[in-house]
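Each chain, written out:
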Amino acid sequence: GENVEQHPSTLSVQEGDSAVIKCTYSDSASNYFPWYKQELGKRPQLIIDIRSNVGEKKDQRIAVTLNKTAKHFSLHITETQPEDSAVYFCAASDPTSGTYKYIFGTGTRLKVLA
Amino acid sequence: DSGVTQTPKHLITATGQRVTLRCSPRSGDLSVYWYQQSLDQGLQFLIQYYNGEERAKGNILERFSAQQFPDLHSELNLSSLELGDSALYFCASNQGNDETQYFGPGTRLLVL
């Protein structure tokens with residue numbers, strides 16, 4: 001089945017610097033890759049997503065890149081702010097048998113230091 | 001607000017007991033997914049329902065069961081509870097395809 005690896009597990013950056021989180025997936029059939037931000041005790045909230053027919057997508061300070069050949073995708077946050085501090089999860093949809101369930105990475109705890 | 005609702009928000013119970021968690025999907029969504037998140041852990045997929053039928057199972061224990069009703073709300077039943085079942089339980093919904101899943105606020109279960 002699908003497996004998603006996420007690195008690093010923790011990341012500390014100075015305010016204003018960039019942060020990059022990387023994920024690798026195993027099933028080449030996966031075609032949808034969302035990123036979720038989760039603040040302590042809150043629900044995961046979608047921040048950006050990308051489909052397999054697109055190589056890059058941007059939304060203001062956030063961007064996601066996808067390399068289908070290497071089966072990895074990355075989240076880029078520029079000009080980081082203290083409110084970006086949270087746990088970030090990548091996921092890959094598993095289209096096996098039409099289920100489309102998500103397989104999540106293990107999460108990255110991002111700390112933005114003021 | 002994602003449009004997905006979950007009740008209760010918090011639940012405290014004892015080992016050996018049985019609880020039911022409830023989820024109402026966004027209007028128009030046919031599929032409900034249940035995830036378990038233990039302390040400082042990732043999100044583990046438990047089970048998916050689509051229009052009342054079970055579609056996929058993940059790492060769901062035999063002590064756990066779920067169903068989706070004709071009005072599309074779903075219930076997750078956890079029985080013979082153990083300390084290790086303490087976790088946040090999230091449901092998410094979408095139309096059952098590869099569109100975005102929207103998460104509810106979660107139910108925090110504490111087993112004492």
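Scroll up to find the structure this text is about.
Residues numbered from 1 in each chain as written. Chains lettered and ligands numbered in written order. Predicted model: local features only at pLDDT ≥ 70, side-chain atom pairs only at ≥ 80, totals over all residues. Heavy atoms only, no water.

A. Structural view of the interface of chain A and chain B. In this complex, chain A contributes 20 residues to the contact, which on the side of chain B involves 25 residues. The interface formed by chain A and chain B includes 0 salt bridges. Applying the counting criterion to the chain A and chain B interface returns 8 residue pairs in polar contact (both at pLDDT 80 or more). Looking at the side of chain A that touches chain B, the elements that each hand over two or more residues are strand 4 (32-38), strand 5 (45-51) and strand 10 (101-104) of chain A. Among the residues forming the side of chain A that touches chain B, the class breakdown is 8 nonpolar, 6 polar and 6 charged. (Contact = heavy atoms within 4.5 Å. Salt bridge = Lys/Arg side-chain N within 4 Å of Asp/Glu carboxyl O. Polar contact = N/O pair within 3.5 Å; in protein donor to acceptor, adjacent residues only side chain to side chain. Helix = DSSP H or I, 4+ residues; strand = E, 2+ residues; numbered from the N terminus. Nonpolar A, V, L, I, M, F, W, Y, C, P; charged D, E, K, R; others polar.)

B. A look at the side chain of Ser 93 of chain A. All names here are of chain A. By the element assignment, Ser 93 lies in strand 9 (residues 86-94). A polar contact of 3.3 Å, which involves the side chain of Ser 93, links it to the side chain of Asn 31. Sequence-distant contacts of Ser 93, defined by excluding residues within four places in its chain, comprise Glu 2, Ser 30, Asn 31, Tyr 32, Tyr 100, Lys 101 and Tyr 102.

C. Spatial organisation of the environment of Glu 62 of chain B. Tracing the backbone through its elements, the reader meets Glu 62 of chain B in the loop between strand 6 (53-57) and strand 7 (64-68). Through-space distance from the C-alpha of Glu 62 of chain B to that of Ser 93 of chain B is 23 Å; in sequence the pair is 31 residues apart.

D. Structural view of the pairing of strand 8 (residues 72-77) of chain A. Residue and element names in this part refer to chain A. Pairing analysis gives 6 bridges linking strand 3 (residues 19-25) to strand 8, with the strands arranged antiparallel. Within the sheet, the bridge partner assigned to Lys 22 lies in strand 8 and is Ser 74. The sheet contact formed by strand 7 (residues 62-67) and strand 8 spans 6 bridges and is antiparallel. Note that in strand 8 the partner of Ala 63 across the bridge is His 76. Between strand 7 and the antiparallel strand that follows it, strand 8, lie 4 residues; Lys 71 among them carries a positive phi value of about 55°. (Pairing = 2+ DSSP bridges.)

Fair warning: the whole summary comes from geometry, so function is off the table for now.
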